[in-house]
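Structure at a glance
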There are 2 protein chains.
Amino acid sequence: MSEIIFQRLALIGIGLIGGSIALAARRAGVVGHVAVSTRSVDTLARANELNLGDSFHVDPVEAVRDADCVILCIPVGAVGAATATIAGALKPGAIISDVGSVKASVVAQMKPHLPEGVQFVPAHPVAGTEYSGPDAAFASLFDNRWCILTPPPGTDPQAVETLAVFWRKLGANVETMTPEHHDLVLAITSHVPHLIAYNIVGTAADLETVTESEVMKFSAGGFRDFTRIAASDPTMWRDVFLNNREAVLEMLGRFNEDLAALQRAIRWGDGDTLFNLFTRTRAIRRGIIAAGQETAVADFGRPHESSAAAKEED
Amino acid sequence: MSEIIFQRLALIGIGLIGGSIALAARRAGVVGHVAVSTRSVDTLARANELNLGDSFHVDPVEAVRDADCVILCIPVGAVGAATATIAGALKPGAIISDVGSVKASVVAQMKPHLPEGVQFVPAHPVAGTEYSGPDAAFASLFDNRWCILTPPPGTDPQAVETLAVFWRKLGANVETMTPEHHDLVLAITSHVPHLIAYNIVGTAADLETVTESEVMKFSAGGFRDFTRIAASDPTMWRDVFLNNREAVLEMLGRFNEDLAALQRAIRWGDGDTLFNLFTRTRAIRRGIIAAGQETAVADFGRPHESSAAAKEED
């Protein structure tokens, strides 16, 4: 039996991440009451139907009142305004956190609004799927994924440790780093990958010489892999790019430089340059599998049954 | 009970594709004898252990003698020399085919060597995994995938139809197009995706500010999706780029142009441009799922058990 870490947890926003926190926290038995708030009345009603909390509030001020921990689970472009709204209602000593994919901008947006005595511990669980909304939530989303904490100077180390324990109980591994380093790491491991995935799907859709139907039929050659992250939530990802501009542009510059070298190797028939890179990249995947962040099953373990089923429907 | 389509099928090369053809053909009951040849004595012995054929030959001339159908299952850079070696031993009326990811170059390399009366039907099954070699082969690899035939003018339509029936019996859907159109379609649905996947994995590995260990730990943010196709066979993919230069450079030019526009939108804070693209791309994935070429299960259906198991090993 786990001990209660937060008697009252308030979740502002109840989509894939907020909903999965609610389910994982209940699975772990580490929360007393989960208060849920979201702006959309429909989403709030749906979260209630899905039993993602104990109380449901259109007004975030009601949700955070008396909460021991408040987690903003909303797009990073919205955290400043949300913090301004709830700041006056936060309980002294409460932990306030978030789940945003960008951290320096989140700190800059939230910190000015926070009263003395509230413990600010920004967090980013590096986990998700291509689906969004409360229906996409599931309790095991954070199992063996990493959650990065980026506490600003002056945060009570005990509050950081409490939130770290909470995330570990949700199944995650926890690491602490500066917001700036986080933003650089995530630019290459998440933001630029999303950008080029969105980009190639757009490029393919715009061709005149190849039809969209052909793109779809022959996508098993590799293209379809990119469409998964290119189906991620548009608002969330717009906000990520607008709020991590410097790091994304830096990493994108390097990506472009390297791609230009490959382009030149293709144009001039330099097979050795291609072969050497293509050999080196295999080791990285093996490392990711060894680190428990990826499956070794061929083709991501895509279910072959579903293909067969799809065929029968033809 | 299926009818035998080829009394003797010769497979030159017995890796992922060749091995899977052997297994799928046996599953379908459409071949009498499968003769296997490959240059590597070790691979040939392994294919024998795995029971991927009925006879095994170091000399491809022995394998193709009296064969009704010969399929080259080797990198596209090697098909010219292989065809020159076996051409004199081909049975009159035999179908000769391949499985290369590039078609115009394959036609240009193979056609000059082929004797009169042999039926040349180049083919490309758009299917695969990130693994290679005979151990990676499995019978359902082609189920509901597409196989593209690109017969040159003068090929007997009956031979084209026979090979189409054969591929359908292996589980595939079949489409016919010109080699040039094939190369354009595959440049966008397969070749450029592989190139940018290889490229971003290389970029990430070369950073000084982010460690390789960090790249691996936080890869669940999107990066890991790219590592799958970046772990594909280096020789095969070097040959693809060297043999489909024009179409790859054309599609890569468009990709770069589109990426420059996104880069500019990020630099200037143009959220609408980002949001509009990110919304549009979701429809393409839905289309691919509807076309039976992708699973709708979240996260490709990556097994969560394996993550849990990996955690226990920590």
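If you're wondering where the values come from, they're calculated on a predicted model, not measured in any experiment.

Attention now goes to the relation of the copies chain A and chain B. Note on the copies: chain A fits chain B at an RMSD of 0.0 Å, the axial shift is 0.0 Å, and the rotation between them is 180°. The superposition operator between the copies reduces to a two-fold rotation axis. Comparing contact sets, 100% of the residues at the interface of chain A also lie at the interface in chain B, consistent with an isologous, same-surface contact.

The residue asparagine 144 of chain A is not glycine, and still its phi comes out positive at about 65°. Among the secondary structure elements, asparagine 144 of chain A is positioned in the loop between strand E7 (123-126) and strand E8 (146-149). The phi torsion at aspartate 66 of chain B lies on the positive side, around 70°, for a residue other than glycine. Here aspartate 66 of chain B lies in the loop between helix H3 (60-64) and strand E4 (69-72). Note on aspartate 66 of chain B: 15 C-beta atoms within 10 Å, which makes it partly exposed.

To continue, consider the nonpolar core. Of all hydrophobic cores here, the largest spans 214 residues; its most connected members are Leu11 and Val70 of chain A together with Leu11 and Val70 of chain B. Sequence-distant contacts of leucine 11 of chain A, that is, excluding residues within four places in its chain, are made with Gly18, Ile21, Ala22, Val34, Val36, Gly53, Ile71 and Cys73 of chain A.

Here we come to the packing of helix H12 (residues 271-290) of chain A against helix H10 (residues 234-243) of chain B. Remark: H12 of chain A packs on H10 of chain B, axes separated minimally by 9 Å, with the N-to-C direction vectors making an angle of 145°. Seen from above, H12 of chain A lies across H10 of chain B with right-handed handedness. Counted together, Gly271, Leu274, Phe275, Phe278 and Thr279 of chain A of H12 of chain A and Pro234, Trp237, Arg238, Phe241 and Leu242 of chain B of H10 of chain B form the full contact between these two elements. In terms of residue class, the contact of H12 of chain A with H10 of chain B is built from 7 nonpolar, 2 polar and 1 charged.

All names here are of chain A. Split into domains, chain A comes out as domain 1 (6-176) and domain 2 (181-269). Measuring from the centre of the C-alpha atoms in domain 1 to the corresponding centre in domain 2 gives 29 Å. Across the boundary between the two partners, domain 1 contributes 13 residues, which contact 16 residues of domain 2. Each residue belonging to the side of domain 1 that touches domain 2 can be placed in one class, and the counts come to 5 nonpolar, 6 polar and 2 charged.

Now for the interface of chain A and chain B. Tallying the contact residues gives 100 residues for chain A and 100 residues for chain B. Among the elements of the structure, helix H7 (179-205), helix H8 (212-217), helix H9 (223-229), helix H10 (234-243), helix H11 (245-267), H12 and helix H13 (304-313) of chain A are those that each provide at least two residues to the side of chain A that touches chain B. The element best represented in the side of chain A that touches chain B is H7 of chain A, accounting for 19 residues. Classifying every residue of the side of chain A that touches chain B gives 52 nonpolar, 27 polar and 21 charged.

Our next topic: the sheet that holds strand E5 (residues 95-98) of chain B. Residues and elements named next belong to chain B. Read across the open sheet, the 6 strands follow the order E3-E2-E1-E4-E5-E6; overall the sheet is parallel. The two strands at the open ends of the sheet, each matched to only one other strand, are strand E3 (55-57) and strand E6 (119-120). With 3 bridges joining them, strand E2 (residues 31-37) and E3 adopt parallel strand pairing. Pairing of alanine 35 across the sheet is with serine 55, part of E3.

We now examine the pairing of strand E5 (residues 95-98) of chain A. All names here are of chain A. The two faces of E5 match: Ile95 and Ser97 on one face and Ile96 and Asp98 on the other face are all buried. By the bridge criterion, 4 bridges tie strand E4 (residues 69-72) to E5 in an arrangement that is parallel. By the bridge assignment for E5, valine 70 is matched with isoleucine 96. Tracing the backbone out of E4, into helix H4 (residues 79-86) and back to the parallel element E5 gives a crossover that is right-handed. As paired elements, E5 and strand E6 (residues 119-120) share 2 bridges and run parallel to each other. Of the residues in E6, the one forming a bridge with isoleucine 96 is phenylalanine 120.

About the criteria used
Residues numbered from 1 in each chain as written. Chains lettered and ligands numbered in written order. Predicted model: local features only at pLDDT ≥ 70, side-chain atom pairs only at ≥ 80, totals over all residues. Least-squares fit on C-alpha atoms with pLDDT ≥ 70 in both. Contact = placed C-beta atoms within 7 Å. Helix = DSSP H or I, 4+ residues; strand = E, 2+ residues; numbered from the N terminus. Buried ≥ 20, exposed ≤ 12 C-beta atoms within 10 Å, placed from the backbone. Core = buried A, V, L, I, M, F, W, Y, C linked by C-beta atoms within 7 Å. Axes fitted to C-alpha atoms, helices over the stretch in contact; angles between N-to-C directions. Left-handed = near helix turned anticlockwise from the far one by under 90°. Nonpolar A, V, L, I, M, F, W, Y, C, P; charged D, E, K, R; others polar. Domains from an automatic or database assignment. Pairing = 2+ DSSP bridges. Right-handed = clockwise from strand over helix to strand, strands pointing away.

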